[in-house]
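Report on the structure
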Amino acid sequence: MTATTGAGSSTSITDKPRFDCRNAYVETLADLAQKDHRIVGVVNDSVGSSKLDAFKKAFPDRLINVGIAEQDMVGVAAGLANGGRTAFVSAASCFLTGRALEQIKADVAYSNRNVKLCGMSPGMAYGELGPTHHSIEDIAWLRAIDNMTIVVPADPIETAAAMRWAAATEGPAFIRVSRMAVPEIYDGDYEFVLGKAHTVREGDDVTIISNGTVLWRAIAAAEQLAEEGISARVVSMPTVKPLDTEAVLGAARETKGIVTAEESTTAGGLGGAVAETVVQHHPTRVTILGVPEFAPTGSAGFLLDRYGMSAAGIADAARTLARSS
């Protein structure tokens, strides 16, 4: 477990400019494709929402648009991988994982194909479109599938680093690519390492474990708690599967409890992975913040706040653990 060099900045995380991780995704994909002819993109009529227009222009014969046919999309990607290509699948996460789950299981994971599933606009990014477009179950679904790596980057730097790791690593992987703008958390020299957490803020009273679009809110919560004299450790957990169990158990041993916060369902996501780890190896109190139901229609920010994932909501959960005996 390593600390990031960007964590010591005197600027509050809430004051930093915010970025769309899809831009980092497509810029990195184009750079990788320029260097490696084996890299191809496969989409489900989502060139625009995946921001792949420039990639399509640069590599017109290396972007396959199957139309609104997610099962075919994953099957085509698996076939391309079987032929020696590195296939990056770009689609709204709710449709990629919901409609093509059987193909992900059988054609990609079970067959161990070199396919990178890139879930675009995950969580509640499509907030105003309601529960049909929320993708809060994707992590839980894919955690149950053997041989599937799950990565949830927290900022554009980590998104790009995860993409580079995926291109250089054989085998299936799922990467969540955020649509909701987030501040940069890491420095430019950040390196993604599979299965490794990062302590982005030290603390010994309570631990907050988070990733994706919620991580910066967890950091903001820790900033608020520091003003009250509560020392909150913030652990970034970009890899949900495999989980950094050493970081989790370190938090269980060294602090009074763990709060997990994620843009995902409370059943089977990051919180579930953390709880499963501590209950088997070092029981401690765990509070799981996430989405416990079909979330209603509303902006992504409103919905995160509704389910306790504002900075104040995360701070309140952590404060309760820190002050309990």
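Look up a bit, the structure's there.
Residues numbered from 1 in each chain as written. Predicted model: local features only at pLDDT ≥ 70, side-chain atom pairs only at ≥ 80, totals over all residues. Heavy atoms only, no water.

What to know about the overall build of the chain
When you go through the chain residue by residue, the secondary structure sums to 12 helices and 15 strands. Its C-alpha atoms give the chain a radius of gyration of 19 Å, near enough to 20 Å, the size a compact globule of 325 residues would have. When the backbone C-alpha atoms are referred to their principal axes, the chain occupies close to 60 × 35 × 35 Å. Out of the 325 residues in the chain, the part that is buried amounts to 59%. (Helix = DSSP H or I, 4+ residues; strand = E, 2+ residues; numbered from the N terminus. Rg over C-alpha atoms; globule rule 2.2 N^0.38 Å. Buried < 20%, exposed > 50% of the residue type's maximum accessible area, 1.4 Å probe, protein only.)

Quick word on the environment of Asp189
With respect to the helices and strands, the residue Asp189 is situated in the loop between β9 (182-183) and β10 (198-201). C-alpha of Asp189 to C-alpha of Ser299: the two residues are 110 residues apart in sequence and 33 Å apart in space.

Remarks on the packing of aromatic side chains
For the structure shown, the criterion picks out three aromatic pairs. Here the aromatic rings of Trp165 and Phe192 are separated by 5.4 Å at their centres, their planes lie at 65°, and the arrangement is edge-to-face. Of this pair, Trp165 sits in helix α7 (residues 156-168) while Phe192 sits in the loop between β9 and β10, and the two are 27 residues apart along the sequence. Trp165 sits in the buried class, given a relative accessible area of 15%. Stacked on the ring of Phe95, the Lys or Arg Arg99 has its end atom at 4.2 Å from the ring centre. (Phe/Tyr/Trp six-rings, centres within 6.5 Å; stacked < 30°, edge-to-face > 60°. Lys NZ or Arg CZ within 6 Å of the ring centre and 35° of its normal.)

Concerning the pairing of strand β14 (residues 258-265)
Counting buried positions along β14 yields eight of eight residues, so the element is predominantly enclosed. Bridge count for strand β11 (residues 206-210) against β14 is four bridges, and the pairing is parallel. If you follow Ile208 over to β14, its bridge partner there is Val259. One ladder, built from five bridges, connects β14 with strand β15 (residues 286-291); its direction is parallel. Each residue of the ladder has a partner; that of Ile258, found in β15, is Val286. (Pairing = 2+ DSSP bridges.)

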